[in-house]
Amino acid sequence: MHEVDMTRALLLAMEGWRQSHKPQVPLVDTVHLQVGAFTCVEPDQLVFTWQAAIQNSWLEGAELAIEPVALLGRCLCCSATYTPEPERGYRSPCCEHPMEEIVQGRELRIRSVDYQLPQPDTATAFLPLSAPRP
Ligand SMILES: [Zn+2]
(Lines give C-alpha, C1' and ligand atoms only; values in the text may rest on other atoms or scores of the structure.)
Protein backbone atom coordinates (compact mmCIF):
# COMPACT_ATOMS: atom_id res chain seq x y z
CA MET A 1 0.00 0.00 0.00
CA HIS A 2 1.25 3.43 -0.85
CA GLU A 3 2.20 5.69 2.05
CA VAL A 4 -0.18 8.45 0.93
CA ASP A 5 -3.14 6.06 0.93
CA MET A 6 -1.97 4.71 4.25
CA THR A 7 -1.85 8.20 5.74
CA ARG A 8 -5.32 8.91 4.38
CA ALA A 9 -6.65 5.75 6.02
CA LEU A 10 -4.93 6.72 9.28
CA LEU A 11 -6.43 10.20 9.24
CA LEU A 12 -9.88 8.72 8.62
CA ALA A 13 -9.48 6.36 11.56
CA MET A 14 -8.27 9.21 13.78
CA GLU A 15 -11.18 11.40 12.70
CA GLY A 16 -13.64 8.69 13.69
CA TRP A 17 -11.89 8.39 17.01
CA ARG A 18 -12.09 12.16 17.53
CA GLN A 19 -15.84 12.11 16.85
CA SER A 20 -16.27 9.66 19.72
CA HIS A 21 -14.94 12.32 22.10
CA LYS A 22 -17.34 15.04 21.08
CA PRO A 23 -17.69 17.80 22.09
CA GLN A 24 -14.11 17.66 23.34
CA VAL A 25 -11.16 17.57 20.98
CA PRO A 26 -8.39 15.30 22.27
CA LEU A 27 -4.86 16.67 22.27
CA VAL A 28 -2.88 13.89 20.62
CA ASP A 29 0.72 13.44 21.66
CA THR A 30 1.70 10.18 19.94
CA VAL A 31 0.00 7.66 17.70
CA HIS A 32 1.53 4.21 18.06
CA LEU A 33 1.29 2.26 14.85
CA GLN A 34 2.13 -1.37 14.14
CA VAL A 35 3.48 -1.89 10.65
CA GLY A 36 4.16 -5.39 9.39
CA ALA A 37 7.20 -6.13 7.27
CA PHE A 38 4.95 -7.59 4.57
CA THR A 39 2.98 -4.38 3.97
CA CYS A 40 5.56 -2.65 1.74
CA VAL A 41 5.19 0.51 3.82
CA GLU A 42 8.42 2.46 4.26
CA PRO A 43 8.32 3.77 7.87
CA ASP A 44 10.40 6.91 7.20
CA GLN A 45 8.26 7.74 4.21
CA LEU A 46 5.09 7.20 6.21
CA VAL A 47 6.26 9.53 9.00
CA PHE A 48 7.16 12.16 6.42
CA THR A 49 3.75 11.92 4.74
CA TRP A 50 2.00 12.00 8.11
CA GLN A 51 3.84 15.12 9.26
CA ALA A 52 2.90 16.91 6.05
CA ALA A 53 -0.73 15.82 6.21
CA ILE A 54 -1.45 16.92 9.78
CA GLN A 55 -0.20 20.48 9.39
CA ASN A 56 -2.88 22.98 10.30
CA SER A 57 -5.21 20.21 11.43
CA TRP A 58 -6.38 19.19 14.90
CA LEU A 59 -3.58 16.61 14.87
CA GLU A 60 -0.80 19.10 14.30
CA GLY A 61 2.25 18.19 16.39
CA ALA A 62 1.20 14.57 16.90
CA GLU A 63 4.08 12.12 16.59
CA LEU A 64 3.77 8.89 14.66
CA ALA A 65 5.64 6.11 16.46
CA ILE A 66 6.07 3.07 14.24
CA GLU A 67 6.53 -0.34 15.76
CA PRO A 68 7.77 -2.76 13.11
CA VAL A 69 6.35 -6.27 13.11
CA ALA A 70 8.60 -8.91 11.53
CA LEU A 71 7.26 -11.31 8.98
CA LEU A 72 6.59 -14.75 10.39
CA GLY A 73 5.33 -17.71 8.44
CA ARG A 74 4.15 -21.17 9.43
CA CYS A 75 5.21 -24.21 7.51
CA LEU A 76 2.18 -26.28 6.59
CA CYS A 77 4.32 -29.42 6.35
CA CYS A 78 5.71 -29.46 9.86
CA SER A 79 3.93 -26.56 11.59
CA ALA A 80 7.22 -24.83 12.41
CA THR A 81 7.25 -21.05 12.34
CA TYR A 82 10.01 -19.35 10.36
CA THR A 83 11.15 -16.03 9.01
CA PRO A 84 10.41 -16.05 5.30
CA GLU A 85 13.11 -14.48 3.18
CA PRO A 86 12.62 -13.09 -0.31
CA GLU A 87 15.98 -14.60 -1.33
CA ARG A 88 14.53 -18.05 -0.65
CA GLY A 89 11.27 -17.26 -2.38
CA TYR A 90 9.65 -17.14 1.09
CA ARG A 91 9.92 -20.93 1.30
CA SER A 92 10.26 -22.60 4.67
CA PRO A 93 13.87 -23.48 5.52
CA CYS A 94 12.75 -26.75 7.11
CA CYS A 95 10.80 -28.33 4.25
CA GLU A 96 11.22 -25.89 1.36
CA HIS A 97 7.46 -25.49 1.42
CA PRO A 98 6.03 -22.38 -0.28
CA MET A 99 4.74 -19.76 2.11
CA GLU A 100 1.05 -20.34 2.56
CA GLU A 101 0.34 -19.12 6.05
CA ILE A 102 1.45 -15.79 7.45
CA VAL A 103 1.42 -15.68 11.24
CA GLN A 104 2.33 -12.02 11.46
CA GLY A 105 3.73 -9.26 9.28
CA ARG A 106 0.60 -7.90 7.61
CA GLU A 107 -0.34 -5.60 10.45
CA LEU A 108 -1.26 -2.02 9.76
CA ARG A 109 -3.04 -0.91 12.85
CA ILE A 110 -3.13 1.76 15.46
CA ARG A 111 -2.05 0.05 18.65
CA SER A 112 -2.65 2.99 20.97
CA VAL A 113 -2.92 6.75 21.13
CA ASP A 114 -1.30 8.95 23.78
CA TYR A 115 -3.56 11.92 24.34
CA GLN A 116 -5.20 14.15 26.85
CA LEU A 117 -8.51 15.82 26.96
CA PRO A 118 -8.56 19.53 27.53
CA GLN A 119 -9.80 20.50 30.96
CA PRO A 120 -13.42 21.53 31.08
CA ASP A 121 -13.65 25.26 30.97
CA THR A 122 -14.02 26.25 34.59
CA ALA A 123 -12.45 29.64 34.30
CA THR A 124 -14.51 32.38 35.82
CA ALA A 125 -14.55 35.82 34.45
CA PHE A 126 -14.09 38.39 37.19
CA LEU A 127 -15.75 41.65 36.45
CA PRO A 128 -14.43 44.73 38.10
CA LEU A 129 -16.76 45.46 40.99
CA SER A 130 -15.10 48.49 42.38
CA ALA A 131 -17.02 51.65 41.92
CA PRO A 132 -15.59 54.00 39.40
CA ARG A 133 -13.36 56.50 41.09
CA PRO A 134 -14.68 59.95 41.27
ZN1 LIG B 1 8.59 -27.45 7.66
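Conventions and cut-offs
Residues numbered from 1 in each chain as written. Predicted model: local features only at pLDDT ≥ 70, side-chain atom pairs only at ≥ 80, totals over all residues. Heavy atoms only, no water. Helix = DSSP H or I, 4+ residues; strand = E, 2+ residues; numbered from the N terminus. Buried < 20%, exposed > 50% of the residue type's maximum accessible area, 1.4 Å probe, protein only. Contact = heavy atoms within 4.5 Å. Areas by Shrake-Rupley, 256 points an atom, 1.4 Å probe, with all protein chains shown as cover. Core = buried A, V, L, I, M, F, W, Y, C linked by side-chain atoms within 4.5 Å. Lys, Arg positive; Asp, Glu negative; His and termini not counted. Salt bridge = Lys/Arg side-chain N within 4 Å of Asp/Glu carboxyl O. Polar contact = N/O pair within 3.5 Å; in protein donor to acceptor, adjacent residues only side chain to side chain. Donors = N, O, S within 2.8 Å, 3.2 Å for Na, K, Ca; no water. Tetrahedral: all angles 85-135°; square planar, octahedral: opposite > 155°, others 65-115°.

### Some remarks on the overall build of the protein
Okay, so step 1: Within the protein one finds two helices and six strands.
Okay, so step 2: Buried positions account for 26% of the 134 residues belonging to the protein.
Okay, so step 3: For the protein, long-range pairs separated by at least 24 residues make up 67% of all intrachain contacts whose partners lie at least 6 apart in sequence.
Okay, so step 4: A total accessible area of about 9100 Å² is found for the protein, and carbon and sulfur atoms account for 54% of it.

### Quick notes on the nonpolar core
Okay, so step 1: Of all hydrophobic cores here, the largest spans 15 residues; its most connected members are Met14, Val28, Leu33, Leu46, Trp50, Leu59 and Leu64.
Okay, so step 2: If you list the elements that add at least two residues to this core, you get α1 (3–19), β1 (27–36) and α2 (43–53).
Okay, so step 3: Looking at this core element by element, the count peaks at four residues for β1.
Okay, so step 4: Excluding anything up to four places from it in sequence, Val28 contacts Met14, Trp17, Trp58, Leu59, Ala62, Val113, Asp114 and Tyr115.

### Description of the side chain of Glu3
Okay, so step 1: As for its placement among the helices and strands, Glu3 is situated in helix α1.
Okay, so step 2: Nearest to the buried, unbridged Glu3 among oppositely charged side chains is Arg8, at 12 Å.
Okay, so step 3: A polar side-chain atom of Glu3 sits 2.7 Å from the main-chain amide nitrogen of Glu42.
Okay, so step 4: With near-sequence residues (within four places) excluded, Glu3 lies in contact with Cys40, Val41, Glu42, Gln45, Leu46 and Thr49.

### Quick look at the coordination of the zinc ion
Okay, so step 1: Summarising the metal site, the zinc ion is bound by the protein donors Cys75 (SG), Cys78 (SG), Cys94 (SG) and Cys95 (SG), whose distances to it range over 2.3 to 2.4 Å.
Okay, so step 2: Geometry at the zinc ion is tetrahedral, judged from its four donor atoms and the angles of 100 to 115 degrees they form at the metal.
Okay, so step 3: All donors of the zinc ion belong to a single chain; written as a sequence motif, their spacing is C-x2-C-x15-C-C.
Okay, so step 4: On the basis of relative accessible area, Cys75 is assigned to the buried category, the value being 2%.

### Describing the pattern of salt bridges
Okay, so step 1: In the structure shown here, the tally under the stated rule is five salt bridges.
Okay, so step 2: Among the ionic pairs, Arg18 bridges to Glu15, the shortest N-O distance being 2.9 Å. Linking Arg18 with Glu15, this pair stays in helix α1, spanning three residues, or about one helical turn.
Okay, so step 3: Overall, Arg18 belongs to the partly exposed group, its relative accessible area being 22%.
Okay, so step 4: Glu15 sits in the partly exposed class, given a relative accessible area of 26%.
Okay, so step 5: Where Arg88 meets Glu96, a salt bridge forms, and the shortest distance between an N and an O atom there is 2.6 Å.

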